[in-house]
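Examining the three-dimensional arrangement
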Amino acid sequence: MATPTASESLNRGGAFLITSSGPEDIFTPADLSDDQRLIAQTAEEVVFKEVVPKIPELEQHEKGLMAEMLRRAGALGLLGGGIPEEYGGSGLDKVGATVLAEKLAAYASFAVSQGAHAGIGTVPIVYFGTEEQKRKYLPKIATGEFLSCYCLSEPQAGSDALASRTRAVLSPDGKNWILNGQKMWITNGGFADVYIVFAKVDGDSFSCFIVERGTPGFSVGAEEKKMGIRGSSTVPLFFENAPVPKENLLHDIGRGHIVAFNTLNVGRFSLGAYCLGGAKQALEVSSKYSKERVAFGKSLSEFGLIKSKLGEMAIRIYAVESMIYRSAGMIDAAVGTPTDADKTRQAMQVLEEYAIESSISKVAGSETLDMCVDEGVEIFGGYGFHEDYPMARAYRDSRINRIFEGTNEINRMLIVQMLMKRAMAGVLPLIPAAMKLGEEVLAGPSFEEAASGPLAEEGRSLTQAKKIFLLTAGTAVQAFREKLAEHQEIVAALANIVMEVYAMESSLLRAQKSSAVRGPAAAVMVDAARAFIYDALDRVEKEARTALAATVEGDALATQLAVLRRFAKHAPIDAIAIRRRVAAAVLAIDRYPFEGR
Ligand SMILES: Cc1cc2nc3c(=O)[nH]c(=O)nc-3n(C[C@H](O)[C@H](O)[C@H](O)COP(=O)(O)OP(=O)(O)OC[C@H]3O[C@@H](n4cnc5c(N)ncnc54)[C@H](O)[C@@H]3O)c2cc1C
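Numbering of residues starts from 1 in each chain and follows the order in which that chain's sequence is written. Predicted model: local features are reported for residues with pLDDT of at least 70 only, side-chain atom pairs are reported and counted for 80 or more only, and whole-chain, interface and lining totals are derived from all residues. In computing side-chain properties, one takes all heavy atoms of the structure into account and sets aside hydrogens as well as water.

1. Side note on the pairing of strand 4 (residues 194–201)
Only protein chains enter the calculation, and the probe is 1.4 Å; a residue is then buried if its accessible area is under 20% of its type maximum, exposed if over 50%, and partly exposed in between. Strands are runs of DSSP state E lasting at least 2 residues, helices are runs of H or I lasting at least 4, and numbering of each runs from the N terminus. Here strand 4 lies mainly inside the structure; eight of its eight residues are buried. In this sheet, strand 4 lies alongside strand 1 (residues 148–151) in parallel orientation, the contact comprising four bridges. Bridging across to strand 4, C151 finds its partner in V197. Think of it this way: DSSP has to see at least two bridges between two strands before they count as a pair. Of the strand pairs in this sheet, strand 2 (residues 167–170) and strand 4 are connected by two bridges, and their pairing is parallel. Bridge assignment links R167 to a residue of strand 4, and that residue is K200. With eight bridges joining them, strand 4 and strand 5 (residues 205–212) adopt antiparallel strand pairing. Each bridged residue has a counterpart across the sheet, and for V197 the counterpart in strand 5 is F209.

Structure, rendered in structure tokens:
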């Protein structure tokens, strides 16, 4: 396969590791259209007016209430974003869907329920359904008349989803698929009307089916007792000789994994956006509380250690937000450039192209949310541990995000696996880039002029972080070759570097883009980018050191570590003062200060 040109490479999934983009190449929240800002406003109003007042009843699982909330959201157009207009939806682009997801996150149980319905419960029919299936189900799913769910996991098959034991066999008259087996952990399962169920035809061909509530032999178990997202429905499902009409097979026999994994790509991306919205909420309530609460004659917000927490929360949110909107913009650009007459095939190609960025959205989003709710609990002190205050629920609700839609361990491995696959196929020229770096290393250190100008040092740190990735990944691939996947700790370290690089670059480019437009008004955003990049390079160095020491030894290791030290050198910054300035921006408005900027 021919090596892609630089411009072809620029927008490919994972290309950020080896190409250099300019500020104008990326989408940022400042580029949101008026329509997209309106979506955000509408979603926020609906959640705060309709859903938030009902949280106590929803947490108590008042019968039918979450379904009613979803149907109301459907009536207001908040369920059909992923459905094309011709089937009754609003056909939102990725950026629009991201804005929407963020704003629904004010109550995590609602966001999860909406995501299970409008995301993973809808995507399989949109992308893989026949015309008849789309016409029959999508208009009703768009309004909420039919509520939907995605049924992949089983008691003994979660991460290892293809170990499914649910079976489907064709009935003797050829009219129905007869399903037998059990599903586990199904969000919305307690009240859904439409179930996207995965089962193996004749026990070996993994396939997908649309099952309707009321199917004989199909029953729904009791609600699980969960640590968090208690307002959402999570149930097991049972199939005992349940007949599913033959025409309800979704996509081809034996192609269920294509449906399952492409759907999860979409789900993962949105999950990052929900987490982003949740993290902003955590920052907002923490900021307000820190001003109200007095200790030692001062409000908490006056203490350096509290400022440091608020500042770091905002900085981490900024990095995740920059990545997620950048990815959404790339996905929209790719969808908007038709390369294939078959729209479904094109959409699938785009989903696959940006699968790395979707996994990054999921992992970085969920871990940033966890960090923010954890610090939020700390800022609330004892009241953070009390269920009458908002942080306790936020803390419990956050934890699931690292587990579902592919655990963060599985997603880390996927990031590297997908990169390697693309490198081997020649789609992503990682190998030539690693070889070029090898030549540079052999040539020895060159005289480098000190970086000058705003963000110049950060630009240099980014370039060095990319080199560190190539150095570490190249060494690991050479040492372990096709057995690299067995060295999971090294793979995870590589995935962490990949995520840091994407976050560093997205933060940097957004700050540069904002500075060019807003001048000194973007100073705090520049601060956030600087603090993030400074710490990120240290984290990258540490991950690389760990991985290299587990990969080579003796002189080879000493040489690699010397190169690493050279790449990881950076001029010190006053990160404490920066965090204080970012915290001051948060405290001034009691919100995340870079929204829409
Ligand atoms: C509240 C909730 C809602 C959910 N909603 C849905 C839903 O709507 N639909 C649906 O289909 N599923 C749903 N799930 C299921 C969820 O997707 C699974 O729980 C998840 O995929 C993990 O599977 P598991 O629980 O079987 O854990 P396991 O797969 O047993 O994993 C346990 C641990 O082992 C690790 N691990 C597993 N394999 C490997 C490996 N190869 N290498 C290294 N580490 C590994 C995991 O990362 C994890 O840390 C939901 C779960 C919960 C708790």
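After that view, the rundown keeps rolling.
2. With respect to the packing of helix 16 (residues 456–480) against helix 18 (residues 523–549)
How two helices pack is summed up by the angle between their axes together with the distance between the axes. Angles shown run from 0 to 180 degrees and are taken between the N-to-C directions of axes, each axis being a line fitted to C-alpha atoms and, for helices, limited to the stretch in contact. One can describe the packing of helix 16 onto helix 18 by two numbers: an axis separation of 10 Å at closest approach and a directional angle of 15°. In terms of orientation, helix 16 and helix 18 fall into the roughly parallel class. Note that helix 16 runs across helix 18; the crossing there is left-handed. Residues E458, S461, A465, I468, L471, T472 and T475 of helix 16 touch helix 18, and the partners they reach there are R530, I533, L537, V540, A544, A547 and L548. When its residues are assigned to classes, the contact of helix 16 with helix 18 shows nine nonpolar, three polar and two charged. In what follows, roughly perpendicular refers to angles from 65 to 115 degrees, roughly parallel to angles under 35, roughly antiparallel to angles over 145, and oblique to any angle outside these ranges. Note: crossing handedness is left-handed where the near helix turns anticlockwise from the far helix by less than a right angle, and right-handed where it turns clockwise. Residue contacts are counted whenever heavy atoms from the two residues lie within 4.5 Å of one another. Gly is placed with the polar residues, together with every amino acid not listed as nonpolar (Ala, Val, Leu, Ile, Met, Phe, Trp, Tyr, Cys and Pro) or charged (Asp, Glu, Lys and Arg).

3. Comments concerning the site of the ligand
When at least one non-hydrogen atom of a residue lies within 4 Å of a molecule or strand, that residue is treated as near it. In the neighbourhood of the ligand, 21 residues make up the surrounding shell, with S153, S159, W185, T187 and T407 lying closest. In the environment of the ligand, an oxygen atom lies 2.6 Å from a nitrogen or oxygen atom belonging to the side chain of S159. Two N or O atoms form a polar contact when they lie within 3.5 Å of each other; inside protein one atom must be a possible hydrogen donor and the other a possible acceptor, and for residues adjacent in sequence the pair counts only when both atoms belong to side chains. For the ligand, an oxygen atom lies 2.7 Å from a polar atom in the side chain of T407. Relative to its unbound accessible surface of 980 Å², the ligand loses 67% to contact with the protein. Every element with two or more residues in the shell around the ligand is listed here: strand 1, strand 3 (176–187) and helix 14 (408–424). All accessible areas in this document rest on Shrake-Rupley with a 1.4 Å probe, and a residue is counted as covered only by the protein chains that are shown.

4. Overview of the packing of aromatic side chains
Each Phe, Tyr or Trp ring, with Trp reduced to its six-membered ring, pairs with another whose centre is within 6.5 Å; inter-plane angles below 30 degrees give stacked pairs, above 60 give edge-to-face pairs, and intermediate values give tilted ones. According to the stated counting rule, one finds eleven aromatic pairs in the structure shown. Relative to F206, the ring of F198 has its centre 5.7 Å away and its plane inclined at 10°; by these criteria the two rings are stacked. Consider the rings of Y318 and F594, whose centres lie 5.4 Å apart with planes at 70°: the pair is edge-to-face. In this pair, Y318 is assigned in helix 10 (residues 304–335) and F594 in the segment after helix 20 (575–589), connecting sequence segments 276 residues apart. Through a chain of ring-to-ring contacts, the aromatic side chains of Y150, F198 and F206 assemble into a single cluster. For a Lys NZ or an Arg CZ to count as sitting over a ring, it must be within 6 Å of the ring centre and within 35 degrees of the ring normal. Of note, R539 hangs over the ring of F532, and the distance from its end group to the ring centre comes to 5.3 Å.

5. Quick word on helix 12 (residues 355–380)
In a regular helix each residue adds 1.5 Å, so 26 residues correspond to 38 Å; helix 12 covers 37 Å between its end C-alpha atoms and thus fits that length. With 23 of 26 residues buried, helix 12 is to be regarded as a mostly interior element. One or two steps after helix 12, the chain reaches G381, where phi turns positive at roughly 60°. Working rule for helices: expected span equals 1.5 Å times residues minus one.

6. Details of the side chain of R422
Structurally, R422 can be placed in helix 14. Residue classification places R422 among the buried residues on the basis of a relative accessible area of 13%. Once residues within four sequence positions are removed from consideration, R422 is found in contact with R12, G13, E352, E353, I356, V427 and L428.

7. Let's talk about unusual backbone geometry
Residues apart from glycine generally show negative phi values, whereas peptide bonds are mostly found in trans. Its identity as a non-glycine residue notwithstanding, W185 has a phi of 65°, on the positive side. Turning to its location among the elements, W185 is positioned in strand 3. Of note, the phi angle at I229 is positive, near 30°, even though the residue is not glycine. Residue placement: I229 occurs in the loop between strand 6 (218–220) and strand 7 (234–245). Accessibility expressed as a relative area gives 5% for I229, which makes it buried.

8. Things to note about the packing of helix 16 against helix 17 (residues 488–518)
Running from N to C, helix 16 and helix 17 cross one another at 160°; their axes reach a closest spacing of 10 Å. Classified by the angle between their axes, helix 16 and helix 17 sit roughly antiparallel to one another. Between helix 16 and helix 17 lies a crossing of left-handed hand. Contacts between helix 16 and helix 17 involve E458, G459, S461, L462, A465, K466, F469, T472, A473, A476 and F480 from the first element and I490, L494, I497, V498, V501, M504, E505 and L508 from the second. For the contact of helix 16 with helix 17, the class distribution of residues is 13 nonpolar, three polar and three charged.

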